[in-house]
Amino acid sequence: MTDSQTFSLERFTRYARLAISLNGRKMLTLLAAVFGAMTAIGLFTAYSLVKFNHLDTTTLNFALSTRTTIYMYCWFSVIIAFAGAFVIDNMDNKARRCSHLMVPASMAEKFTFGALGALVLAPIAAMVVLVAYTVVLYLVVNYWFLASSPISMNMVSVLSIFDVPLENHISVLFQQSVFVLGCAIWYKLSIVKTIVTELCIGFVFVIVMTILASNGVIRDVNVSPETLTTIINTLMAVATVAFWALAYYLYTRSQIVGKILNRK
């Protein structure tokens, strides 16, 4: 066991190889499951659009392209957001927590590897899944759904999912940081507890905003939509960095020792 704050590139490389060898197959299986669910739902919606809507070539291509782009961005966002839940290893029992702590790498190195996985490897994996999905969708729609029709579906560019407002990307990274922080706070059912906590906070927020609106407080605030968007983006960006920093602190300093020594 090494000091939690030290960082050695050589030791980090060894830990990365170990983590990939131990968890690589599980991650590939998870990506395959995501690809299967994404493909099944996507093909069903495409089939419904092709078979039950009598559209001309231009309209059908536009509808398929638009729906596919939105659909892919939704899945991309889900993959990136939930990748935050895997930054910290699963430690839902004492044996796993002890095993995790005894791995010859500092807590900083372990957290850095998880962060790289969520911020770098997850987007790459998501892009690979989306490319595979677009190829399957193109082939199935053109050579099965439209096999007897002169209409053909245009190939959708995966890069088109990035042609969205900045606040969309910031909100995805913000949600990812929320899952990171949730895993640093809870080690059992962290994803479920994080989602429930978010829903509760959102419910309280809606109630507060409804009360303020009924009292006319919101109407008295004279802020342009552009300014409001900038403020929200700034707050989410600051919160994202703060959540990552807090998760790092909880993971490397205050939480792990208590979890191992005091919990069953």
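Engineer: Please set out the overall build of the protein residue by residue, giving values where relevant.
Structural biologist: Counting secondary structure elements, the protein contains 8 helices and 0 strands. Going residue by residue from the N terminus, the α and β elements of the protein occur as α-α-α-α-α-α-α-α. Of all 264 residues assigned to the protein, the portion counted as buried reaches 37%. Partitioning the intrachain contacts of the protein with sequence separation of at least 6 by distance along the chain shows that 81% fall at a separation of at least 24. Summed over all atoms, the accessible surface of the protein reaches about 15,400 Å², with 71% contributed by carbon and sulfur.

Engineer: Which residues make up the packing of helix H5 (residues 166-185) against helix H6 (residues 190-214), and what values do they have?
Structural biologist: The axes of two packed helices give the description: the angle between them and the distance between them. Where H5 contacts H6, the axes come no closer than 9 Å and their chain directions differ by 120 degrees. Here H5 is positioned oblique relative to H6, judged by the angle of their axes. Judged by the twist between their axes, the crossing of H5 over H6 is right-handed. Between H5, through Gln-175, Val-178, Phe-179, Gly-182 and Cys-183, and H6, the contact on the second element is made entirely by Ser-190, Ile-191, Thr-194, Ile-195 and Glu-198. Grouping the constituent residues of the contact of H5 with H6 by class yields 5 nonpolar, 4 polar and 1 charged.

Engineer: Residues and numbers for the nonpolar core, please.
Structural biologist: Residues Met-38 and Phe-111 are the most contacted members of the largest nonpolar core, which totals 47 residues. Where this core is concerned, the elements lending two or more residues are helix H1 (9-52), helix H2 (57-83), helix H4 (107-145), H5 and helix H7 (225-254). Top element by residues in this core is H4. It accounts for 14 residues. Residues contacting Phe-111, with those up to four places away along its chain left out, are Val-87, Ile-88, Val-180, Trp-244, Ala-247, Tyr-248 and Tyr-251. Core analysis: the next-biggest nonpolar cluster, separate from the first, contains 7 residues, Tyr-15, Ala-16, Val-103 and Phe-113 among them.

Engineer: Kindly report on the packing of aromatic side chains, identifying the contributing residues and their values.
Structural biologist: Applying the stated criterion to the full structure yields 10 aromatic pairs. Judged by centre distance (5.7 Å) and plane angle (45 degrees), the rings of Tyr-71 and Tyr-133 are tilted. With a gap of 62 residues between them, Tyr-71 in helix H2 and Tyr-133 in helix H4 connect regions that are remote in the sequence. As far as burial versus exposure is concerned, Tyr-71 and Tyr-133 are alike and both buried. Pairing Phe-111 with Trp-244 gives two aromatic rings, centres 5.9 Å apart and planes at 80 degrees, and the pair type is edge-to-face. Taken together, the residues Phe-111 in helix H4 and Trp-244 in helix H7 connect sequence positions 133 residues apart. A relative accessible area of 6% means that Phe-111 is categorised as buried. On the basis of relative accessibility, which here comes to 14%, the residue Trp-244 falls in the buried class. Cluster of aromatic residues (ring-pair linked, three or more members): Phe-111, Trp-244, Tyr-248 and Tyr-251.

Engineer: Break down a nonpolar patch on the surface for me, citing the residues and quoting the values.
Structural biologist: On the surface, Leu-116, Leu-119, Val-120, Leu-121, Ile-124, Val-128 and Leu-173 cluster together into a nonpolar patch covering about 600 Å² of accessible area. Structurally, Ile-124 is set in helix H4.

Engineer: Explain the packing of H1 against H4 to me, using residue names and the numbers behind them.
Structural biologist: Where H1 contacts H4, the two axes come as close as 8 Å, and the packing angle between them is 30 degrees. Taken together, the axis directions place H1 and H4 in an arrangement best described as roughly parallel. The two elements H1 and H4 meet at a crossing, and its hand is right-handed. The residue inventory of the contact of H1 with H4, partitioned by class, reads 24 nonpolar, 3 polar and 4 charged.

Engineer: Give a description of the pattern of salt bridges that names residues and reports values.
Structural biologist: What the rule picks out here adds up to 2 salt bridges. Of the charged contacts in the structure, one is a salt bridge between Glu-10 and Arg-14, with a shortest N-O distance of 3.3 Å. Taken together, the residues span about one helical turn, with Glu-10 and Arg-14 both in helix H1 at a distance of 4 residues. The shortest N-O distance in the salt bridge between Arg-11 and Glu-109 comes to 2.7 Å. On the criterion of sequence distance, the pair formed by Arg-11 in helix H1 and Glu-109 in helix H4 is long-range, its members being 98 residues apart. For the pair Arg-11 and Glu-109, a shared accessibility class is recorded, and that class is buried.

How each quantity is defined
Residues numbered from 1 in each chain as written. Predicted model: local features only at pLDDT ≥ 70, side-chain atom pairs only at ≥ 80, totals over all residues. Heavy atoms only, no water. Helix = DSSP H or I, 4+ residues; strand = E, 2+ residues; numbered from the N terminus. Buried < 20%, exposed > 50% of the residue type's maximum accessible area, 1.4 Å probe, protein only. Contact = heavy atoms within 4.5 Å. Areas by Shrake-Rupley, 256 points an atom, 1.4 Å probe, with all protein chains shown as cover. Axes fitted to C-alpha atoms, helices over the stretch in contact; angles between N-to-C directions. Parallel < 35°, antiparallel > 145°, perpendicular 65-115°, else oblique. Left-handed = near helix turned anticlockwise from the far one by under 90°. Nonpolar A, V, L, I, M, F, W, Y, C, P; charged D, E, K, R; others polar. Core = buried A, V, L, I, M, F, W, Y, C linked by side-chain atoms within 4.5 Å. Phe/Tyr/Trp six-rings, centres within 6.5 Å; stacked < 30°, edge-to-face > 60°. Patch = residues over 30% accessible without salt bridge, like charges linked within 9 Å, V, L, I, M, F, W, Y side chains within 5 Å. Salt bridge = Lys/Arg side-chain N within 4 Å of Asp/Glu carboxyl O.

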